[in-house]
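Coordinates in review
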Amino acid sequence: MSKTLLSLGHGFSARALAARLVPQGWRVIGTTRSEEKADAIRQTGVEPLIWPGADLSGYLGEADALLISAGPGPDGDPVLAECREAVAAAASGFEWAGYLSTTGVYGDHQGGWVDETAALTPATKRGQARVEAEAAWQAIPGLPLHIFRLAGIYGPGRGPFAKVRNGTARRIIKKGQVFSRIHVDDIAQVLEASIQRPRPGAIYNVCDNDPAPPQDVLAYAAELLDVPLPPAVNFEEADMTPMARSFYAESKKVSNDLILNELGVELMYPDYRTGLQQMLAQET
C-alpha cells in the first residue's frame, strides 16, 4: 500500500527526499508559495500545493508522514502560526514527523566538538529562533517528532564552483574557524532511514565526517577546476554582508555518530572532497 508524505515548505532538502520516495510509490504533496515553483514541483512527480492559501486540514489528515522544512520568520514558526490546531488534531495519525532545524542551535564552541546532548546556546538570532521553533513543535501532544539539525547544506546548484569560476570567491581567513557540512543527497538518505526506523523524540545531527575551515573548501574547488587559488582575506578586513559575517560568529565540529550508528547510514559523500568531485562530474 502506498503512503503519503506531506512536505511543508518543499525546498532543496525536501526535493531530494521526494526523489527517493516517489519511485517507491509514495504520494508526496509539497507546499510552495508560487505557481511558478508549483510547476517545477509537479515535474518531479510531487503534487504541488500553494500555501499559505490552501486549507491544510484535509491534507494533514491524509498523510502518514509529515516533513517540516519551513524555517521560522519574524513571527515564529510559519506553520504553527497559521495551523497549529490542525497539526495537533492530526498528530496521532502520523507514523513519522520530521522537523529540519540547524546546528546553529548549539552556538559557538570555539572549534570544539558537539553532539546531540550539547546545550543549546545559539550565538545568533536565527539560531535562537530555531531553538524556539524546535520547542514549539516538541510541545504538540502525540506528534511523533524527529528533529534533524542540519549542518551547512550543499549540492547541485549550491556550491563554490560558480564564484570560483567567475573570480568573486575569497578565502576568508579566521583563525580556528571550522564548519560542518552535508550534501543534500545525504540529508535525503538520513530522512528516509529515519522514516523506515522511527523513534519519536529523536534528535539527529546531520553532517559529514570532516568538519573543515571554509577556505579549504574553496581551495579544493579551485584545484578541481584547475584555476588560480582565490585570494585570501583576513576576516577582520573582509567586506561582508551582516548575514555572511554572522556565520563566522560560530565555530564548531559536529558529531554525526548517531546517524551512522543508530540509523545505519553510510554517507555517499563523507567529506567535502567527494561531494565536490561528484558535483563537478554532474556538471560535465
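Just above, that's the structure.
Notes on the structure follow. (Residues numbered from 1 in each chain as written. Predicted model: local features only at pLDDT ≥ 70, side-chain atom pairs only at ≥ 80, totals over all residues. Heavy atoms only, no water.)

Check the secondary structure of the protein chain and you find 11 helices and 13 strands. Over its C-alpha trace the protein chain gives a radius of gyration of 19 Å, about what one expects of a compact globule, namely 19 Å for 284 residues. Burial status across the protein chain gives 50% buried among its 284 residues. As displayed, the protein chain offers around 13,300 Å² of accessible surface, 50% of which is attributable to carbon and sulfur atoms. Seen as two clouds, the 26 positive and the 34 negative side-chain charges of the protein chain have centres 4 Å apart. (Helix = DSSP H or I, 4+ residues; strand = E, 2+ residues; numbered from the N terminus. Rg over C-alpha atoms; globule rule 2.2 N^0.38 Å. Buried < 20%, exposed > 50% of the residue type's maximum accessible area, 1.4 Å probe, protein only. Areas by Shrake-Rupley, 256 points an atom, 1.4 Å probe, with all protein chains shown as cover. Lys, Arg positive; Asp, Glu negative; His and termini not counted. Charge placed at Lys NZ, Arg CZ, Asp CG, Glu CD.)

With that settled, the discussion passes to unusual backbone geometry. Across the junction of Trp 51 and Pro 52, the peptide omega takes the value 5 degrees, indicating a cis bond. Here the phi dihedral of Gln 110 falls at roughly 50 degrees; this positive angle occurs in a residue that is not glycine. Residue position: Gln 110 is located in the loop between β5 (96–102) and β6 (113–114). Take Gln 110: its relative accessible area is 73%, and that puts it in the exposed class.

Our next topic: the side chain of Arg 130. The residue Arg 130 is located in helix α5 (residues 125–138) in this model. For the buried Arg 130, no salt bridge is present, and the opposite-charge side chain at shortest range is Asp 77, 6.3 Å distant. With sequence-adjacent residues up to four places away left out, Arg 130 is seen in contact with Ala 70, Gly 71, Pro 72, Tyr 99, Leu 100, Ser 101, Thr 102 and Val 105. (Salt bridge = Lys/Arg side-chain N within 4 Å of Asp/Glu carboxyl O. Contact = heavy atoms within 4.5 Å.)

The next subject is the layout of surface pockets. By volume, the largest pocket amounts to about 2,000 Å³. For the lining of the largest pocket, the secondary structure elements donating two or more residues are α1 (12–21), β5, α5, β8 (152–154), α8 (214–225) and α9 (242–247). Across the lining of the largest pocket, the residue classes break down as 23 nonpolar, 17 polar and nine charged. Roughly 380 Å³ of volume is contained in the second largest pocket. Together, 16 residues line the second largest pocket, and Gly 9, His 10, Thr 31, Thr 32 and Lys 37 are the ones closest to its centre. Secondary-structure elements contributing two or more residues to the lining of the second largest pocket are β2 (27–32) and α2 (35–42). When residues in the lining of the second largest pocket are grouped by element, the largest group, three residues, is from α2. (1 Å grid on protein atoms, 1.4 Å probe; cavity = no way out; pocket = protein on both sides within 12 Å on 5 of 7 lines; lining within 4 Å. Points joined across faces, edges and corners; volume = space filled by probe spheres on them. Nonpolar A, V, L, I, M, F, W, Y, C, P; charged D, E, K, R; others polar.)

Formed by 32 residues in total, the largest nonpolar core has its most connected members in Leu 5, Leu 17, Leu 67, Trp 96, Phe 148 and Leu 191. Every element with two or more residues in this core is listed here: α1, β4 (65–68), β5, β7 (145–150), α7 (184–196) and β11 (203–206). Looking at this core, the element that brings in the most residues is α7, giving seven residues. Membership of the second largest hydrophobic core comes to 28 residues, among which are Leu 60, Leu 80, Tyr 99 and Trp 137. (Core = buried A, V, L, I, M, F, W, Y, C linked by side-chain atoms within 4.5 Å.)

On to the pairing of strand β3 (residues 47–50). Across four bridges, β2 lies against β3 in parallel orientation. Within the sheet, the bridge partner assigned to Gly 30 lies in β3 and is Pro 48. Running through α2, the crossover from β2 to the neighbouring parallel element β3 is right-handed. (Pairing = 2+ DSSP bridges. Right-handed = clockwise from strand over helix to strand, strands pointing away.)

Before going further, it helps to examine the packing of aromatic side chains. Under the defined criterion, the tally for this structure stands at six aromatic pairs. Ring centres of Phe 179 and Tyr 248 lie 5.5 Å apart, and the angle between their planes is 75 degrees; on these two criteria the pair is classed as edge-to-face. Remark: Tyr 248 occurs in the loop between α9 and β13 (253–254) and Phe 179 occurs in the loop between β9 (171–173) and β10 (181–183); sequence separation between them is 69 residues. For Tyr 248, a relative accessible area of 9% gives the class buried. Through pairs of rings, three or more aromatic residues link up here, namely Trp 96, Phe 148 and Tyr 204. (Phe/Tyr/Trp six-rings, centres within 6.5 Å; stacked < 30°, edge-to-face > 60°.)

Right, let's talk about the sheet that holds β5 for a bit. As summarised here, the arrangement of the seven strands in space is β3-β2-β1-β4-β5-β7-β11, forming an open sheet in which the pairing is parallel. If you trace the sheet from one side to the other, it starts and ends with β3 and β11, each paired once. Here the strands of the sheet are splayed against their neighbours by 20 degrees on average, with no regard to which way each runs. Where β4 lies against β5, four bridges are found, and the strand directions are parallel. The partner of Ile 68 across the bridge, within β5, is Tyr 99. (Axes fitted to C-alpha atoms, helices over the stretch in contact; angles between N-to-C directions.)

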